[in-house]
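One-letter residues, chain by chain:
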Amino acid sequence: MARWARSCVSPVAPVAALLSLIAISASAGQAPSSGESSSDHLLETTVNRYCVSCHNDRTRTAGLTLGNVDSTDVAAQAPVLEKVLHKLRAGEMPPAGRLGPDAGTTANLVAWLETALDGVAADRPNPGAPAIHRLNRAEYGNAVRDLLGLDLDHARDLPADDSGYGFDNIGDVLTVSPLHIEKYIAAARRVSRQAVGTLAPRPVVERYSTPRGTVDEAIGRLPPHERGGTLFHHYFAFDAEYVVRVRVRGRRAPGMPAPKLDVRVDGRRARLFDADFDGQEAEQGTRNFEVRLPVSAGDHEIAAGFLTELAHSETGGAADTNDFSVDYVLVEGPYDPTGAGDTASRRRIFICRPATVQDEAPCARRIMSSLARRAYRRPVTTADIDPLMGLFAIGRSDGAAFEAGIEMALSGVLVSPNFLFRAPDTPDGGQPGTVYRLSDIDLASRLSFFLWSSIPDEELLHLAETGQLSDPGVRAEQVARMLADPKAVSLVENFGGQWLHLRNVADWMPDPERFDEFDDSLRYAFQRETELFLEHLIRDDGRVLDLIDADYTFLNERLAGFYGIDGVEGGYFRRVSLAGSARAGILTQGSVLMVTSYPTRTSPVLRGKWVLENLLGAPPPPPPADVPALADSAEASAGSLREALEQHRANPACAVCHARLDPIGFALENFDAVGTFRTEDDGVPVETSGALPDGTLVDGPQGLRDVLLARRDEFVEALADRLLTYALGRGLESYDRPAVRDIRRQVESGGGRFSALVEAIVDSVPFRLRRIPSS
């Protein structure tokens, strides 16, 4: 995206000039009478009059010819006509000064194209042929969690996943290398040992770092009375004693009492320290505090923070404030272990216990059949279980315990292609190109990985095994249940995190000299605000248009103060009204504003491109490599940046796309590179107005919201495009556009609710059907 802000666009980029003489023109020149829209051959009439002078077999402007369009054979020309329809609906062409049809003719042609293309799709459905899908890192971790009750961080175990079409769950790019195989084997051994409890009980140290807050900040996940700390989950492999060591940094203000460091396990206080420094520690400003305590095996929540009642003196002055924060926490152990304990993982695994040696094999087969059914996401056969029983025998050999055999067999499950890959069954005798309906078993997996990024739970798998999931009513009930489940937070983390670029927030580094108010606590608040907003939209089944114009958001005291909103106290996040504020929807949230800027300044081009790409589904073509960069003076201020971009647009080659990008980006110039609201920059008033190529005025954030709401069909289709891409794990093609339009219509009839969007996707042709790929 960065190249966009430093270069212009080719005037003949593919499709960009597609209908340079077709769409509505607000420019000079007499438009034809709307009477031509009643022609029996509207497509040919319009194309021959306005298009073929450029898009013919000889000139092939933008690499496209429309000289042979034929309304009697829409199916053969569907890919090209989908591009025509997209440009017409967006009103992107013709360029200023070119003659085009009147509004009535354009509307009639859009309606005709939609009807004709959707009719072809209904007669000849093409759901695509997705590639075999390897579980990505997030899906692997969630599947292990839901299978074994073991929530581990697999970032250190597995390679990072490649992305395609904006997401890291795209089958075509989820390749398998020798490194992947090696890492999957190692991860399977680690997981199976921790789940079964056969890890060697040797002490290890794990570190948990935390963003540091400033003087009066509280990290929102801590109890409301604590500040400047951290909270995390840690898996304890044994019933044993462990040491929790907290590294603290800060200085006590003169005349202030020593701060109280509160260390908790599962919400219960483990130790309250007088966190005072003396001697060399006082000079260095850091000190370690540790507590040794018994902990039962399993997953536990660890929290460390400072009590707020001792943060200020009675005067309340800035100089009379203790400034302490938790730097990191170390968990060491186990010491003096007494056993593997009764963990959730062991309860899930050991559904039987052999009383004698003769009972071991039947019990092991029962255990592995249960685990393999969930892991493979389908009923299992003898052919599935026999190899696992061979591994059980190997692990059980040489006098090892029954658990050792189960551990070995479980590792076999976790490296099996049946677990690591999703590949729908193909009907026997099916020929390449045949379209077939997914089985209930495959539909259950597609549904669970879409909404949970994980395997089906027992209820969903049972419905699939009994053939009930193909019933539309049952399917709708499952969608509602799954969206209400806490596991639906995966939609926020994995879909929202990539669609809205939230994953970039953690690594974004605004210039500390220009934005000295920005710190890690604010970074955390930016991300948490947007995550909670999306969670609310999903959980409470909000309007999808709330993404554009919601008059509320989720703030804690730190972020509310940064936004200039009064009445919010404490570190926890809560819903807050934005009435009277310039903010609304996701476009004015700090996370989005920051990741669409440069570290030193805003970028109207980056912001404009982000809106076109993510909210309107109309990304500009990539710029050629040999175009000039913006002048360095553009770094100085908002005023000089506008001047530089105006000079840039003076070049007709650059104006083709910057005329679309810049007015949208400038509408957000009231917010600087970290989202602070401003009315002037370096003493110069910030200008937020501009005009789109069709003459539509855009003035400030409210003006941009008005434009997006006026183009709500494009927005809903763009959102459906992104969510359907994520749900299918493949990029969309021209033959998917009718499904996207149908989803948009179903969202409208469903009151614009998020659940209506998800249900429409789940009921769509690409989601429920599949084409057998050509060999």
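Residues numbered from 1 in each chain as written. Predicted model: local features only at pLDDT ≥ 70, side-chain atom pairs only at ≥ 80, totals over all residues. Heavy atoms only, no water.

Novice: Sorry, what's going on with the packing of helix α4 (residues 137-148) against helix α8 (residues 360-376) here?
Specialist: The packing of two helices is summarised by the inter-axis angle and the distance between the axes. Close contact between α4 and α8 brings their axes to 10 Å; oriented N to C, the two are set at 145°. Judged by the twist between their axes, the crossing of α4 over α8 is right-handed. Contact with α4, carried on its side by Asp146, Leu147 and Leu148, involves Leu371, Arg374 and Ala375 of α8 and no other residues of that element. (Axes fitted to C-alpha atoms, helices over the stretch in contact; angles between N-to-C directions. Helix = DSSP H or I, 4+ residues; strand = E, 2+ residues; numbered from the N terminus. Left-handed = near helix turned anticlockwise from the far one by under 90°. Contact = heavy atoms within 4.5 Å.)

Novice: Explain the pattern of salt bridges here, please?
Specialist: If the charged atoms of two oppositely charged side chains come close together, the side chains can form a pair. Under the defined criterion, the tally for this structure stands at 49 salt bridges. Arg744 is the salt-bridge partner of Glu114, the closest N and O atoms lying 3.5 Å from each other. Remark: Arg744 occurs in helix α25 (residues 737-749) and Glu114 occurs in helix α3 (residues 103-123); sequence separation between them is 630 residues. Exposure remark for Glu114: the relative accessible area of 13% places this residue in the buried category. Residue class for Arg744 comes out buried when judged on its relative accessible area of 7%. Of the charged contacts, one joins Glu714 and Arg711 as a salt bridge, the two residues approaching to 2.8 Å between their closest N and O atoms. For Arg711, a relative accessible area of 19% gives the class buried. One connected set of salt bridges, linked through shared partners, spans Glu82, Arg89, Glu114, Asp118, Asp713, Glu717, Arg741, Arg744, Arg745 and Glu748. (Salt bridge = Lys/Arg side-chain N within 4 Å of Asp/Glu carboxyl O. Buried < 20%, exposed > 50% of the residue type's maximum accessible area, 1.4 Å probe, protein only.)

Novice: For this particular structure, what's the right way to read the side chain of Arg660?
Specialist: Structurally, the position occupied by Arg660 is in helix α22 (residues 652-666). Within the local environment of Arg660, its side chain forms a polar contact with the backbone oxygen of Ala618, the two atoms lying 2.8 Å apart. (Polar contact = N/O pair within 3.5 Å; in protein donor to acceptor, adjacent residues only side chain to side chain.)

Novice: Please explain a nonpolar patch on the surface as it appears in this structure.
Specialist: A surface patch of nonpolar side chains, amounting to about 310 Å² of accessible area, comprises Val176, Ile181, Ile185 and Val415. Looking at the element boundaries, Ile185 is found in helix α5 (residues 178-196). The class for Ile185 is partly exposed, based on a relative accessible area of 44%. (Patch = residues over 30% accessible without salt bridge, like charges linked within 9 Å, V, L, I, M, F, W, Y side chains within 5 Å. Areas by Shrake-Rupley, 256 points an atom, 1.4 Å probe, with all protein chains shown as cover.)

Novice: What is the right way to look at the nonpolar core in this model?
Specialist: What tends to happen in soluble globular proteins is that the nonpolar side chains get buried as a cluster. In terms of nonpolar packing, the biggest core is built from 95 residues, with Phe450, Leu491, Leu615, Leu723, Phe754 and Leu757 touching the most fellow members. Apart from the residues lying within four places of it in its own chain, the contact partners of Phe754 are Leu483, Leu491, Leu537, Ile538, Asp541, Gly542, Val544 and Leu723. In terms of nonpolar packing, the next biggest core, distinct from the first, is built from 41 residues, Leu388, Met389, Phe402 and Phe449 among them. (Core = buried A, V, L, I, M, F, W, Y, C linked by side-chain atoms within 4.5 Å.)

Novice: When you look at the state of the cysteines in this model, what are you seeing that I'm missing?
Specialist: Here a disulfide denotes a covalent bond joining the sulfur atom of one cysteine to the sulfur atom of another. Applying the stated criterion to the full structure yields 1 disulfide. The disulfide bridge from Cys352 ends at Cys363, spanning 2.0 Å between sulfur atoms. As the torsion about the S-S bond is roughly 110°, the Cys352-Cys363 disulfide counts as right-handed. Here Cys363 lies in helix α8 and Cys352 lies in the loop between α7 (344-349) and α8, a separation of 11 residues in the sequence. (Disulfide = S-S within 2.5 Å.)

Novice: Teacher, can you tell me more about the packing of aromatic side chains here?
Specialist: In this description, an aromatic ring pair is defined by two values, namely the gap between the centres and the angle between the planes. Considering all chains together, one arrives at 20 aromatic pairs under this definition. Taking 5.4 Å as the distance between ring centres and 50° as the angle between the ring planes, the aromatic pair formed by Phe273 and Phe289 counts as tilted. Of this pair, Phe273 sits in strand β6 (residues 268-274) while Phe289 sits in strand β7 (residues 286-295), and the two are 16 residues apart along the sequence. Residue classification places Phe273 among the buried residues on the basis of a relative accessible area of 8%. (Phe/Tyr/Trp six-rings, centres within 6.5 Å; stacked < 30°, edge-to-face > 60°.)

Novice: Looking at this model, I keep getting lost on empty space enclosed by the protein. Mind explaining?
Specialist: Any space left empty among the atoms is revealed by the rolling of a water-sized probe across them. Per the counting criterion, the structure on display carries 5 cavities of 30 Å³ or more. Volume-wise, the second largest cavity comes out at about 90 Å³. Every residue along the wall of the second largest cavity is listed here: Leu491, Val492, Phe495, Gly496, Trp499, Leu534, Leu537, Ile538, Leu547, Leu719 and Phe754. For the lining of the second largest cavity, the secondary structure elements donating two or more residues are α15 (489-499) and α16 (520-539). When residues of the lining of the second largest cavity are assigned to their parent elements, the largest contribution, 5 residues, is made by α15. A breakdown of the residues in the lining of the second largest cavity according to their chemical character gives 10 nonpolar, 1 polar and no charged. (1 Å grid on protein atoms, 1.4 Å probe; cavity = no way out; pocket = protein on both sides within 12 Å on 5 of 7 lines; lining within 4 Å. Points joined across faces, edges and corners; volume = space filled by probe spheres on them. Nonpolar A, V, L, I, M, F, W, Y, C, P; charged D, E, K, R; others polar.)

Novice: Explain unusual backbone geometry here, please?
Specialist: Negative phi is the rule for most residues except glycine; trans is the rule for most peptide bonds. Of note, the bond from Gly333 into Pro334 is cis; its omega dihedral lies within 30 degrees of zero at 10°. Note on placement: Pro334 falls in strand β9 (residues 323-339). The backbone of Arg377 shows a phi angle near 65°, a positive value even though the residue is not glycine. Judged by relative accessible area, Arg377 falls into the buried class, the value being 4%.

Novice: Is there a simple way to think about α8 in this case?
Specialist: Quick reminder: α-helices carry 3.6 residues per turn. Residues three or four places apart thus point the same way. Its 17 residues place the ends of α8 23 Å apart at the C-alpha level, agreeing with the 24 Å of an ideal helix rising 1.5 Å per residue. Taken together, the buried positions of α8 are occupied by Glu360, Cys363, Ala364, Ile367, Met368, Leu371, Ala372, Arg373, Arg374, Ala375 and Tyr376. Looking at the buried positions of α8, the neighbouring elements they touch are α4, α7, α9 (382-396), α10 (402-414), α11 (417-420) and α13 (458-465). One or two positions beyond α8, positive phi appears at Arg377, with a value near 65°. (Expected span 1.5 Å × (residues − 1).)

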